[in-house]
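The chain contents come next:
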Amino acid sequence: MTTLLEVSGNDPMTDHHIIPLDFDSIDGVPESHSWPPFDEPLNKIQTCDLQDSLIPVIDLTNSKAMNLIGQACKQWGMFQVINHGVPSNLVKKIESESRRLFALPTHEKRRVLRSSNGVSGYGSARISHYFDKGMWHEGFTIMGSCVDDAKVLWPHDFQRFCDTMDAYQNQMKQLTHKLLLMILETIDATQEEIDWAISTHDSRSPLQLNSYPPCPNPSHAVGLAPHTDSLLLTLLHQGDINGLEFFVDGLGWRHVQAVEGAFVVNLGDLLHIFSNAKFPSVSHRAVVNQSKHRISVAYFHGPPFESRVAPSAKFQKPRFKSLLVKEYLSLKSKHCDALSLIQT
Ligand SMILES: C=C1C[C@]23C[C@@]1(O)CC[C@H]2[C@@]12CCC[C@@](C)(C(=O)O1)[C@H]2[C@@H]3C(=O)O
Ligand SMILES: O=C(O)CCC(=O)C(=O)O
Ligand SMILES: [Fe+2]
């Protein structure tokens, strides 16, 4: 069995790419984290309403949900879902447990710092090494059990954190399967391909807790820099504070309106490959704001790392080469634009 650690073992990550700023003691945006102003202001988010957000909010109990999802996948590579069956008290709990973690003093969080070739633990996003400037962000990644790290953080009170993470991952797994079945049906995937996409037997889906502390100068800072997610599908809880934006050709950066209780569904690179580029793997970023501490929780689902990914057999002219999932992840860990390197 291949682990994520082996896949990304050669990441060019060094300590300064892993250790987030000490947000406890900072009172301005340091040069190392000061980005040139973007083409569009990053702090426009307060002025937008739901219509501006473009991507649809789909009610999973609607009998037309599958069609709507198919259209959104083709058009945007992103949509939101409501009435998805995930208990709202569990979503509240994961947000409060995440806040409990990020509220710890910096020196305590650094006790569970991710190692340079590891996946789990506290640290900056893995995409940090693609960029010269640091991000206004700290993350905590969980692969499998989080007991070891939680025991270090809360020696006498780790169980409720771990129970919440486990229960949430379980719910995310079920919702991912439900969504993938609908998405794959819209492109007539075979049963074998569906089994491949929903199978998780030798891989564990990473859960990423993201924290974006209030920022004194949001127009010069970036929460999470533009990127595409690598796996098949990401389910994101973004709470009630706006911050997620996605890029639309010809329109530029658009925000994704925070909708109470909704999950943002984001298609990743592997689904872009499998759909022969019919579904975009949407470029997205997170912006920060001056007054609120924003938390988001992302669940990444992918097929087994030892399996192959290629355009579905139904496409006569495959636009991408076939390769092992672990080969793709390894390529992506070195090249932000890995998709362009595997075009036929
Ligand atoms: C499988 C993975 C997806 C991910 C990289 C990782 O190896 C584990 C963490 C994931 C994450 C979370 C934050 C954003 C992201 C782009 C990153 O830097 O690390 C994603 C990665 C991804 O989708 O490529
Ligand atoms: O916090 C957000 O809104 C975006 C998070 C994200 O893109 C990620 O974790 O991959
Ligand atoms: Fe992302």
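Since the model is a prediction, treat every value here as computed from it, not as a measurement. (Residues numbered from 1 in each chain as written. Chains lettered and ligands numbered in written order. Predicted model: local features only at pLDDT ≥ 70, side-chain atom pairs only at ≥ 80, totals over all residues. Heavy atoms only, no water.)

**Here's the deal with the site of ligand 2**
And step 1. Around ligand 2, the surrounding shell holds 13 residues, and the nearest of these are N210, Y212, H284, R294 and S296.
And step 2. Contact between ligand 2 and N210: an oxygen atom at 3.0 Å from a side-chain N or O atom of the residue.
And step 3. At 2.8 Å from an oxygen atom of ligand 2 is found a side-chain nitrogen or oxygen belonging to R294.
And step 4. Bound to the protein, ligand 2 loses 96% of the 290 Å² it would expose on its own.
And step 5. Of all the elements in the fold, those that place two or more residues in the shell around ligand 2 are β5 (207-212), β6 (224-227), β11 (284-286) and β12 (294-301). (Near = heavy atom within 4 Å. Polar contact = N/O pair within 3.5 Å; in protein donor to acceptor, adjacent residues only side chain to side chain. Areas by Shrake-Rupley, 256 points an atom, 1.4 Å probe, with all protein chains shown as cover. Helix = DSSP H or I, 4+ residues; strand = E, 2+ residues; numbered from the N terminus.)

**Focus on the coordination of the iron ion (ligand 3)**
And step 1. Within the protein, the atoms that donate to the iron ion (ligand 3) are H227 (NE2), D229 (OD) and H284 (NE2), at distances of 2.1 to 2.2 Å.
And step 2. Positions of the donor residues of the iron ion (ligand 3) along the chain correspond to the pattern H-x1-D-x54-H. In this pair, D229 sits in the loop between β6 and β7 (233-237) while H284 sits in strand β11, placing the two residues 55 residues apart along the sequence. (Donors = N, O, S within 2.8 Å, 3.2 Å for Na, K, Ca; no water.)

**Observations regarding the site of ligand 1**
And step 1. The local shell around ligand 1 holds eleven residues, among which R126, I127, D229, S230 and F300 are the closest.
And step 2. Between ligand 1 and I127, the relevant distance is 3.0 Å, taken from an oxygen atom to a main-chain nitrogen or oxygen of the residue.
And step 3. Protein coverage of the free-state accessible area of ligand 1, which is 460 Å², stands at 94%.
And step 4. Within the shell around ligand 1, the residues separate by chemical class into six nonpolar, three polar and two charged. (Nonpolar A, V, L, I, M, F, W, Y, C, P; charged D, E, K, R; others polar.)

**Topic: the sheet that holds strand β9 (residues 252-255)**
And step 1. The four strands are arranged β6-β11-β8-β9 in an open sheet whose pairing can be described as antiparallel. Looking at the sheet topology across the chains shown, the edges are occupied by β6 and β9. The sheet shows a mean angle of 25 degrees between the axes of neighbouring strands, direction not considered.
And step 2. Sheet topology note: the β6/β11 ladder contains two bridges and is antiparallel. By the bridge assignment for β11, L224 is matched with A286. (Pairing = 2+ DSSP bridges. Axes fitted to C-alpha atoms, helices over the stretch in contact; angles between N-to-C directions.)

**Observations concerning unusual backbone geometry**
And step 1. If you check the backbone angles, D188 has positive phi at about 50 degrees while not being a glycine.
And step 2. If you trace the backbone, D188 turns up in the loop between α7 (159-186) and α8 (191-198).
And step 3. A relative accessible area of 56% places D188 in the exposed class.
And step 4. Positive phi, normally seen in glycine, also occurs at A277, with a value near 75 degrees.
And step 5. Note on placement: A277 falls in the loop between α9 (269-274) and β11. (Buried < 20%, exposed > 50% of the residue type's maximum accessible area, 1.4 Å probe, protein only.)

**A word on the confidence of the model for the protein**
And step 1. Residues at a pLDDT of 70 or more form 90% of the protein, whose mean pLDDT is 91.
And step 2. Counted against residues more than four places away or in other chains, residues 41-50, with its pLDDT under 50, gives 20 contacts. (pLDDT = per-residue confidence, 0-100. Contact = heavy atoms within 4.5 Å.)

**Examining the packing of aromatic side chains**
And step 1. Inspection of the entire model under this criterion finds nine aromatic pairs.
And step 2. Centroid distance W154 to F161: 4.9 Å. Interplanar angle 45 degrees. Geometry classified as tilted. Considered together, W154 and F161 belong to a single accessibility category, that of buried residues.
And step 3. Ring centres 5.6 Å apart and planes at 35 degrees place the aromatic pair W196 and F274 in the tilted group. One end of the pair, W196, is in helix α8; the other, F274, is in helix α9, with 78 residues separating them in the sequence.
And step 4. The exposure class assigned to W196 is buried, which follows from its relative accessible area of 15%.
And step 5. By relative accessible area, F274 is classed as buried at 3%.
And step 6. Among the aromatic residues, ring-to-ring pairing joins W35, Y130 and F131 into one connected group. (Phe/Tyr/Trp six-rings, centres within 6.5 Å; stacked < 30°, edge-to-face > 60°.)

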